[in-house]
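Structure assessment
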Amino acid sequence: MRIGIGYDVHKLVKGRKLIIGGVEIPHEKGLLGWSDGDVLLHAIIDALIGALGEGDIGAHFPPGDVNYKGISSLKLLEFVNELMRNRGYSINNIDSTVVAELPKIAPYIADIRRLVASTLAVPVELVNVKGKTEEGLGFTGDKKGIKAYAVCLIHKEI
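Residues numbered from 1 in each chain as written. Predicted model: local features only at pLDDT ≥ 70, side-chain atom pairs only at ≥ 80, totals over all residues. Heavy atoms only, no water.

Brief notes about the overall build of the protein
A tally of regular secondary structure across the protein gives 5 helices and 7 strands. The C-alpha atoms of the protein give a radius of gyration of 15 Å, which matches the 15 Å a tight globule of 158 residues would have. Principal-axis analysis of the C-alpha atoms places the extent of the protein at approximately 45 × 35 × 25 Å. For the protein, the residues scored as buried account for 47% of the 158 residues in total. When contacts within the protein are restricted to residue pairs at least 6 apart in sequence, those whose partners lie at least 24 apart make up 71%. (Helix = DSSP H or I, 4+ residues; strand = E, 2+ residues; numbered from the N terminus. Rg over C-alpha atoms; globule rule 2.2 N^0.38 Å. Buried < 20%, exposed > 50% of the residue type's maximum accessible area, 1.4 Å probe, protein only. Contact = heavy atoms within 4.5 Å.)

Take a look at the structure:
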């Protein structure tokens, strides 16, 4: 068994869609990024890559690489899932937290879990997503950005 930890943060800006966990969430601002800026999927991807001992998300999808400009992070997650499966690993579980003052993500968690699980071809029970605020503290509390944490446990298939 191997464990991985992921973290990501993106600035909120006008003129971008807000995509979290592959789900478009209505909001006046979106996340700035080279891809779609999906902070949750980036944290999950980083956790999976870390569990594999394969560096980090930037090593696989470098910022500035035209191949990834505006790409859906679901596509990046598919690539990482294929990498993991090719190395002979399967997911035990993923636990994640999105930290945002606004918007509240609770109404979208079920859809996010289903989409992440479907993309990874695992039962939805293996994917957990939580939403938290920072009670008005820090850059997320000031509504300047959103961050996410993820941890995963994977195992080698026999």
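Having put the structure on the table, let's press on.
Looking at the packing of helix α1 (residues 39-52) against helix α3 (residues 73-86)
Interaxial distance between α1 and α3 falls to 10 Å at its minimum, and their mutual angle equals 15°. Between α1 and α3, the angle is such that the two are roughly parallel. As for the relative orientation of α1 and α3, their crossing is left-handed in sense. Contacts between α1 and α3 involve L41, H42, I44, I45, L48, I49 and L52 from the former and S73, L74, L76, L77, V80, L83 and M84 from the latter. Each residue belonging to the contact of α1 with α3 can be placed in one class, and the counts come to 12 nonpolar, 2 polar and no charged. (Axes fitted to C-alpha atoms, helices over the stretch in contact; angles between N-to-C directions. Parallel < 35°, antiparallel > 145°, perpendicular 65-115°, else oblique. Left-handed = near helix turned anticlockwise from the far one by under 90°. Nonpolar A, V, L, I, M, F, W, Y, C, P; charged D, E, K, R; others polar.)

Describing the packing of aromatic side chains
Across all of its chains, the model carries 3 aromatic pairs by this definition. Summarising the aromatic geometry, the rings of F61 and Y68 are spaced 5.2 Å apart at their centres and angled 85° between planes, so their arrangement reads as edge-to-face. Assessed through its relative accessible area of 9%, F61 is described here as buried. Pairwise contacts between aromatic rings join F61, Y68 and F79 into one cluster. (Phe/Tyr/Trp six-rings, centres within 6.5 Å; stacked < 30°, edge-to-face > 60°.)

Quick word on the environment of G70
Relative to the helices and strands, G70 resides in the loop between α2 (57-60) and α3. Since its relative accessible area comes to 53%, G70 is described here as exposed. Spatially, the C-alpha atoms of G70 and V124 are 27 Å apart, while their sequence positions differ by 54 residues. Filtering out sequence-adjacent residues up to four positions away, G70 remains in contact with W34, S35 and D36.

Notes on the sheet that holds strand β5 (residues 89-99)
Spatial ordering of the open sheet is given by β4-β1-β7-β5-β6, a layout of 5 strands whose pairing is mixed. Edge positions in the open sheet fall to β4 (30-31) and β6 (127-132), since each of these has one partner strand only. As defined by bridge partners, β5 adjoins strand β7 (residues 145-156) across 10 bridges and the pair is classed as antiparallel. For S90, the partnering residue across the bridge sits in β7 and is H155. Packed on one face of the sheet, α1 meets β1 (2-13), β4, β5, β6 and β7 and runs near 155° to β1. Packed on one face of the sheet, helix α4 (residues 109-120) meets β5 and β6 and runs near 145° to β6. (Pairing = 2+ DSSP bridges.)

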